[in-house]
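These are the residues of each chain, in order.
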Amino acid sequence: AESQLKFERVSTPDLEADAKSEDVDALVVDYNTDGLQDLLVLSGGGEFPEGHEANELRFYQQTPSGGLLRDREALAQPLRLNGGSLAFVDQSDGHWQVVVAARSVVDNYGERPPMYVIYPDQSGKLQSASIDIDWPSIGGAGLIRDIDVAELTQDGWPDLLIASEWGPIVLFPGSAEGFRPRQAGVSEMLRPAEVLPSKNGFWSAIATADLDADGDLDILAGNLGTNSKLAADSNHLVKLYYDDFDGNGKREQVITYTSPLGERPFATREEIIGQLPGLRQIVPDHTSFAEASLQSLFPANQLASAQQFVIDQTRSIWLENRGNGQWTSHELPDEIQSGPVELILPGLDNDWLFFGQDRGANIQRGHYDATLGWSLASGYFTQNQGSPSPLYVDGRVKDGLLLEGTNGRGYLLAINAESLQLLMELGLNR
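Description of the structure in this document. (Residues numbered from 1 in each chain as written. Predicted model: local features only at pLDDT ≥ 70, side-chain atom pairs only at ≥ 80, totals over all residues. Heavy atoms only, no water.)

Some thoughts on the pairing of strand 28 (residues 408-415)
So, point 1. Within strand 28, six of the eight residues are buried, leaving the element largely enclosed by the surrounding structure.
So, point 2. Pairing geometry for strand 27 (residues 397-405) and strand 28, over eight bridges, is antiparallel. In the strand pairing of strand 28, Gly405 is matched with Gly408.
So, point 3. As defined by bridge partners, strand 28 adjoins strand 29 (residues 421-424) across four bridges and the pair is classed as antiparallel. What sits directly across from Tyr411, in strand 29, is Leu423.
So, point 4. Remark: five residues form the turn of the hairpin made by strand 28 and strand 29, two consecutive strands paired antiparallel; Ala417 in that turn has positive phi of roughly 60 degrees. (Buried < 20%, exposed > 50% of the residue type's maximum accessible area, 1.4 Å probe, protein only. Helix = DSSP H or I, 4+ residues; strand = E, 2+ residues; numbered from the N terminus. Pairing = 2+ DSSP bridges.)

This is the structure we're talking about:
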């Protein structure tokens, strides 16, 4: 059926001038308090080096005519960081903040990236401050994929929820100050985190809602799934070793998985020799590489001294809020575990939508194309009934926006490297 929702393209020269940036998240907020909603855009990816202007957090002011003008003076010191997520914190007292979390450091995967909070000072001018998390005590790497803000501790202040790779899902309680440092210009460690019962995963998406209709907020968390060589559980660990293995002054990453023969490098021979050429003498051909153990490639003391991160859970889950800080973890249906979950959206009738198709992976990871998106009805959480229904959306869905009009409603989906798609309610027509 033909969509009844109609759209008109608006010319936005400033936005189009920044098309070289690889945008990963955006937030609508009236940051200049003129009554018009403005736009914040976060970029990332490996195309540009760390600190490149293409990865600058961008501010666009909305004009009375509906246009967008790039505001290069919004922050005194521009923030340039690689991907991650944005979250708006409404303090309910007229004050607000935006938490900005990076996913990684370009060409240094394993190094902890920066994290910031943006807020207006007493004069209304935007300030940015560095904030930090004690990831070593939590047992994570700090490679943040998604953040959400919700009132989960029932103390009246919005809390910060973080999903990251090589770590658990963590909750940071809010306060009257929000998440900005108490002293301007001084980086501050966030308050002690509550580590939720999620284990360490490739956590990539997070959402909150009262899933079981008991009056409090629960959590949906997207992970890598089980249809991968990197699928992990407590008996099949995936590890990341991060160190300067060849003494050239730059740290390298060695990712391993658990095979029937024990712990093995995940990279192909060509990939690992390209990174560490000295290994060519140890594994001169593919046969020797296939038979090589991790310990035959790297001395035990070198592995022991490297930074190590562990994955022991790759299933997507939902966390049931039992009250009084108690949470129970439940695995989502097997159909959803057939691929990654990188995006979770509330559906049209209390159902939930899950997306994660990715055909851009390397030869070892393969194409994650077993999923075309899933819809899961609310009865699954309230009555433990129902199975996911396929959505038949082909492509890597990065975000979605619910649109409602007099003649219909549906989702406008942003699909990586493709045109926008409209997923309509009736028959899920596009």
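A look at the sheet that holds strand 17 (residues 238-243)
So, point 1. Pairing within the open sheet is antiparallel, and its four strands lie in the order 19-18-17-20. The sheet terminates laterally at strand 19 (262-265) and strand 20 (307-311), the two strands that pair on one side only. For this sheet, the mean angle separating the axes of adjacent strands, direction not counted, is 25 degrees.
So, point 2. As judged from the four bridges shared by strand 18 (residues 252-259) and strand 19, these two strands associate in the antiparallel manner. By the bridge assignment, Thr256 is partnered in strand 19 with Pro265. (Axes fitted to C-alpha atoms, helices over the stretch in contact; angles between N-to-C directions.)

Brief notes about the side chain of Asn223
So, point 1. Within the element layout of this structure, Asn223 appears in the loop between strand 16 (218-222) and strand 17.
So, point 2. A polar contact of 2.9 Å, which involves the side chain of Asn223, links it to the backbone nitrogen of Phe202. (Polar contact = N/O pair within 3.5 Å; in protein donor to acceptor, adjacent residues only side chain to side chain.)

As for the sheet that holds strand 29
So, point 1. Taking strand neighbours across the sheet as the criterion, the three strands line up as 27-28-29 in an open arrangement whose pairing is antiparallel. With partners counted over all chains shown, the strands left at the sheet margins are strand 27 and strand 29, one partner each. Strand-to-strand, the axes of this sheet are offset by a mean angle of 25 degrees, without reference to chain direction.

Concerning the environment of His367
So, point 1. In this structure, His367 sits in the loop between strand 24 (352-355) and strand 25 (374-376).
So, point 2. Distance from His367 to Gly339, taken between C-alpha atoms, is 9.6 Å for residues 28 residues apart in sequence.

Overview of the nonpolar core
So, point 1. Among the nonpolar cores identified, the biggest contains 21 residues, and Met115, Ile133, Leu160, Ile162, Phe172 and Leu190 are the most heavily contacted of them.
So, point 2. Elements that contribute at least two residues to this core include exactly strand 5 (85-90), strand 6 (96-101), strand 7 (115-120), strand 8 (126-132), helix 2 (135-138), strand 9 (143-150), strand 10 (159-167) and strand 11 (170-172).
So, point 3. Counting residues in hydrophobic clusters, the runner-up holds 19 residues, among them Ala74, Leu81, Trp96 and Tyr116. (Core = buried A, V, L, I, M, F, W, Y, C linked by side-chain atoms within 4.5 Å.)

As for the pattern of salt bridges
So, point 1. On inspection of all chains with the given rule, the structure shows 17 salt bridges.
So, point 2. For Arg145, the salt bridge goes to Glu342, with nearest N and O atoms at 3.6 Å. Here Glu342 lies in the loop between strand 22 (326-331) and strand 23 (343-346) and Arg145 lies in strand 9, a separation of 197 residues in the sequence.
So, point 3. You can call Glu342 buried: its relative accessible area is 17%.
So, point 4. Between Glu320 and Arg322 there is a salt bridge, with its nearest N and O atoms 3.7 Å apart.
So, point 5. Using a relative accessible area of 53% as the deciding quantity, one classes Arg322 as exposed.
So, point 6. Through salt bridges that share partners, Asp18, Asp23, Glu56, Arg58, Arg70 and Arg80 make up one connected network. (Salt bridge = Lys/Arg side-chain N within 4 Å of Asp/Glu carboxyl O.)

A few points about the packing of aromatic side chains
So, point 1. According to the stated counting rule, one finds seven aromatic pairs in the structure shown.
So, point 2. Relative to Phe266, the ring of Tyr257 lies with its centre 6.4 Å away and its plane at 90 degrees, an arrangement referred to as edge-to-face.
So, point 3. Measuring from centroid to centroid gives 5.2 Å for Trp318 and Phe381, while their planes differ by 85 degrees, and the two rings are edge-to-face. Taken together, the residues span a long stretch of sequence, with Trp318 in strand 21 (residues 317-323) and Phe381 in helix 7 (residues 379-382) at a distance of 63 residues. For the pair Trp318 and Phe381, one class covers both residues: buried.
So, point 4. Aromatic rings pair up to connect Trp318, Tyr380 and Phe381 into one cluster.
So, point 5. Above the face of the Tyr119 ring, Arg180 is positioned so that its terminal group lies 5.2 Å from the ring centre. (Phe/Tyr/Trp six-rings, centres within 6.5 Å; stacked < 30°, edge-to-face > 60°. Lys NZ or Arg CZ within 6 Å of the ring centre and 35° of its normal.)

Points about the environment of Ile273
So, point 1. Mapped onto the elements of the fold, Ile273 is located in helix 3 (residues 269-275).
So, point 2. With eleven residues separating them in the primary sequence, Ile273 and Pro284 have C-alpha atoms 9.9 Å apart.
So, point 3. Apart from the residues within four sequence positions on either side, Ile273 is in contact with Leu279, Arg280 and Val283. (Contact = heavy atoms within 4.5 Å.)

Focus on unusual backbone geometry
So, point 1. The phi torsion at Thr33 lies on the positive side, around 50 degrees, for a residue other than glycine.
So, point 2. Looking at where Thr33 falls in the secondary structure, it is placed in the loop between strand 1 (23-29) and strand 2 (38-43).
So, point 3. Unusually for a residue other than glycine, Tyr392 sits at a positive phi of about 60 degrees.
So, point 4. Residue position: Tyr392 is located in the loop between strand 26 (389-390) and strand 27.
So, point 5. Given a relative accessible area of 52%, Tyr392 falls into the exposed group.

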